[in-house]
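Chain and residue survey
Each chain is listed here by its residues.
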Amino acid sequence: MKDQSIRSHIDWVSVLIYTALVVIGWMNIYSSDLKPDSDYIFDLTQNYGKQLFFIGFTILLIIIVLTLEGKFYERFSSVIFGASLVLLAGLFVAGKTIAGQRCWYAIGTFTLQPSEFAKAATALALAKFLSDPQINLKKVNHQILALLVIGLPILLILPQPDPGSALIFISLIFVLHREGLSSWYLWTGAFAIVLFVMALLLKPQYVILIIFIGIVLQYLKSRRKYRNIVGSAIVFILMSGFSLSVNYVFENVFKQHHRDRFNILLGKEVDMGGIGYNTNQAKIAIGSGGWVGKGYLEGTQTKGNFVPEQHTDYIFTTVGEEWGFAGTSVIVLLFVGLMLRILYLAENQKTKFSRIYGYGVVSILFTHFFVNIAMVIGIFPTIGVPLPFLSYGGSSLWGFTILLFVFLKMDANKVNEW
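My aim in this report is to walk through the structure given alongside it, one point at a time. Worth saying up front: this structure is predicted, and the values here are computed from it rather than measured. (Residues numbered from 1 in each chain as written. Predicted model: local features only at pLDDT ≥ 70, side-chain atom pairs only at ≥ 80, totals over all residues. Heavy atoms only, no water.)

1. Details of the overall build of the chain
From N to C terminus, the chain includes 18 helices and three strands. Sorting the 418 residues of the chain into buried and exposed places 48% on the buried side. Across the chain, every contact between residues at least 6 apart in sequence was considered, and the portion connecting residues at least 24 apart equals 69%. A total of about 20,700 Å² of accessible surface is found on the chain, and carbon and sulfur atoms cover 69% of it. (Helix = DSSP H or I, 4+ residues; strand = E, 2+ residues; numbered from the N terminus. Buried < 20%, exposed > 50% of the residue type's maximum accessible area, 1.4 Å probe, protein only. Contact = heavy atoms within 4.5 Å. Areas by Shrake-Rupley, 256 points an atom, 1.4 Å probe, with all protein chains shown as cover.)

Given below as structure tokens:
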């Protein structure tokens, strides 16, 4: 039996959750973009009309993804990854600049963002690399190669500049951790983030003092003090050097709007009418929704266009205002349900490649989901990360759809794998 019973083996739970998110997303795009003198849903001059077209094309994409042979994605993962890198590199020559970012190819009035498709391509390439029986993430050279797979698209995306998309690729380190990468990497990253924030909030001498006290306490707890004194000294020097470099990097590498966003997030500045306007209005919109919302199409913040980009990165504010706490809870539960379902399916795969790719799908979806909502409610800087399946945009919707349905095809095909 060869891929002929896709309908009976595809995971319909995941498909139904995906469909619910897409439908809810379109309903909120319609609400956020509806003009008083227009209620024609197929109006291609409006965002909701365009999104309806994108959804229609998505059905064709799903059919193509599910029709291809299950092993196709593993066999051609390197080719797909290479093509995605070429498309990302081509932006520097033929890309269109929008709002200061050179992230799109333009074909007439239609634009395509290759970084959205590179996420699935990178997850495939990483799964292909890690599923090789010769690869052992306990070896440093294999760690470097795995990090290189993740790092190549980041190196091409950061100069665009698109730090939001670059952050998503970093999340694939959780896949490496699942496959045996030392927890040292995760702890190092976590400590680096904490030190970065501390260095921005406190004077350098206070940060160094805190580091010194922490290392001394850890040293005193150690049973092999004579062996750890050199290591402790090296760690102290590295952490102190990192802390001292933060302010230089912040002032000379970060752009002004990035500095402003961090300063507002950390409470060092208050700017409700400038750089902090979006976040402030988003909080007002979500807070005004109360428990059950103001009602569909009844959002005053939404109808007044107080929140910029409310149909894209800030679509969650429309849900919060019109659907209230109940509506936002449904969205969160749908996302959590989808991710838990994929994790369950990933652990039940017969091939290592499919399992690793499944974890890649969850890592990407979770990071988008978490960062977008954290950004909207003001606990994360605004970096332009869409909410999967809900935010307006063809590239975003198609990229996430391909990412998900490639895995669902692998899962449906596991009955043919021995």
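Picking up where we left off.
2. A few points about helix H3 (residues 47-67)
Taking 1.5 Å per residue as the helical rise, H3 with its 21 residues ought to reach 30 Å, and the 30 Å between its terminal C-alpha atoms agrees with that figure. Every buried residue of H3 is accounted for by Asn 47, Tyr 48, Gly 49, Gln 51, Phe 54, Ile 55, Thr 58, Leu 61, Ile 62, Val 65 and Leu 66. (Expected span 1.5 Å × (residues − 1).)

3. Description of the nonpolar core
Ranked by internal contacts, the top residues of the largest apolar core, which has 93 residues, are Leu 130, Tyr 357, Phe 389 and Phe 405. The dominant element in this core, judged by the number of residues it contributes, is helix H17 (residues 352-376), at 13 residues. If near-sequence neighbours (up to four positions away) are discounted, Phe 405 is found in contact with Ile 10, Val 15, Tyr 18, Ile 62, Val 65 and Leu 66. (Core = buried A, V, L, I, M, F, W, Y, C linked by side-chain atoms within 4.5 Å.)

4. Brief notes about the environment of Gly 393
Structurally, Gly 393 is set in the loop between H17 and helix H18 (394-412). What makes Gly 393 buried here is its relative accessible area of 12%. Put simply, Gly 393 and Leu 112 are 281 residues apart on the chain and 9.3 Å apart in space, counted from C-alpha to C-alpha. Residue contacts for Gly 393: discarding those within four places in its chain leaves Gln 51 and Phe 54.

5. Concerning the sheet that holds strand E2 (residues 101-107)
Strand pairing in a sheet takes place through backbone hydrogen bonds and is either antiparallel or parallel in direction. Reading across from one edge, E1-E2-E3 is the order of the three strands in this open sheet, with antiparallel pairing throughout. Bordering the open sheet on either side are strand E1 (96-98) and strand E3 (110-112), each of which pairs with just one other strand. In this sheet, adjacent strand axes meet at a mean angle of 55° when their direction is disregarded. The pairing of E2 with E3 spans three bridges and is antiparallel. If you follow Tyr 105 over to E3, its bridge partner there is Leu 112. (Pairing = 2+ DSSP bridges. Axes fitted to C-alpha atoms, helices over the stretch in contact; angles between N-to-C directions.)

6. Brief notes about the pairing of E2
By the bridge criterion, three bridges tie E1 to E2 in an arrangement that is antiparallel. Note that in E2 the partner of Lys 96 across the bridge is Trp 104. What sits between E1 and E2 in their antiparallel hairpin is a turn of two residues, with Ala 99 showing a positive phi close to 55°.

7. A look at the packing of helix H16 (residues 315-347) against H17
At a minimum axis separation of 9 Å, H16 and H17 run at an interaxial angle of 165°. Comparing the axis directions of H16 and H17 gives the class roughly antiparallel. Where H16 crosses over H17, the handedness of that crossing is left-handed. Taken together, the residues of H17 that come into contact with H16 (itself represented by Phe 316, Thr 317, Val 332, Phe 335, Leu 338, Met 339, Ile 342, Leu 343, Ala 346 and Glu 347) are Arg 355, Gly 358, Tyr 359, Val 361, Val 362, Leu 365, Phe 366, Phe 369, Asn 372, Ile 373 and Val 376. Looking at the contact of H16 with H17 residue by residue, the class counts come to 16 nonpolar, three polar and two charged. (Parallel < 35°, antiparallel > 145°, perpendicular 65-115°, else oblique. Left-handed = near helix turned anticlockwise from the far one by under 90°. Nonpolar A, V, L, I, M, F, W, Y, C, P; charged D, E, K, R; others polar.)

8. Considering unusual backbone geometry
Across the chain, the bulk of peptide bonds are trans and the bulk of non-glycine residues have phi less than zero. Residues other than glycine seldom take positive phi values, yet Leu 297 does so here, at roughly 70°. Here Leu 297 falls in the partly exposed class, since its relative accessible area comes to 28%. With phi around 70°, Phe 389 is a residue other than glycine that occupies positive phi space. Mapped onto the secondary structure, Phe 389 falls in the loop between H17 and H18. Accessibility expressed as a relative area gives 2% for Phe 389, which makes it buried.

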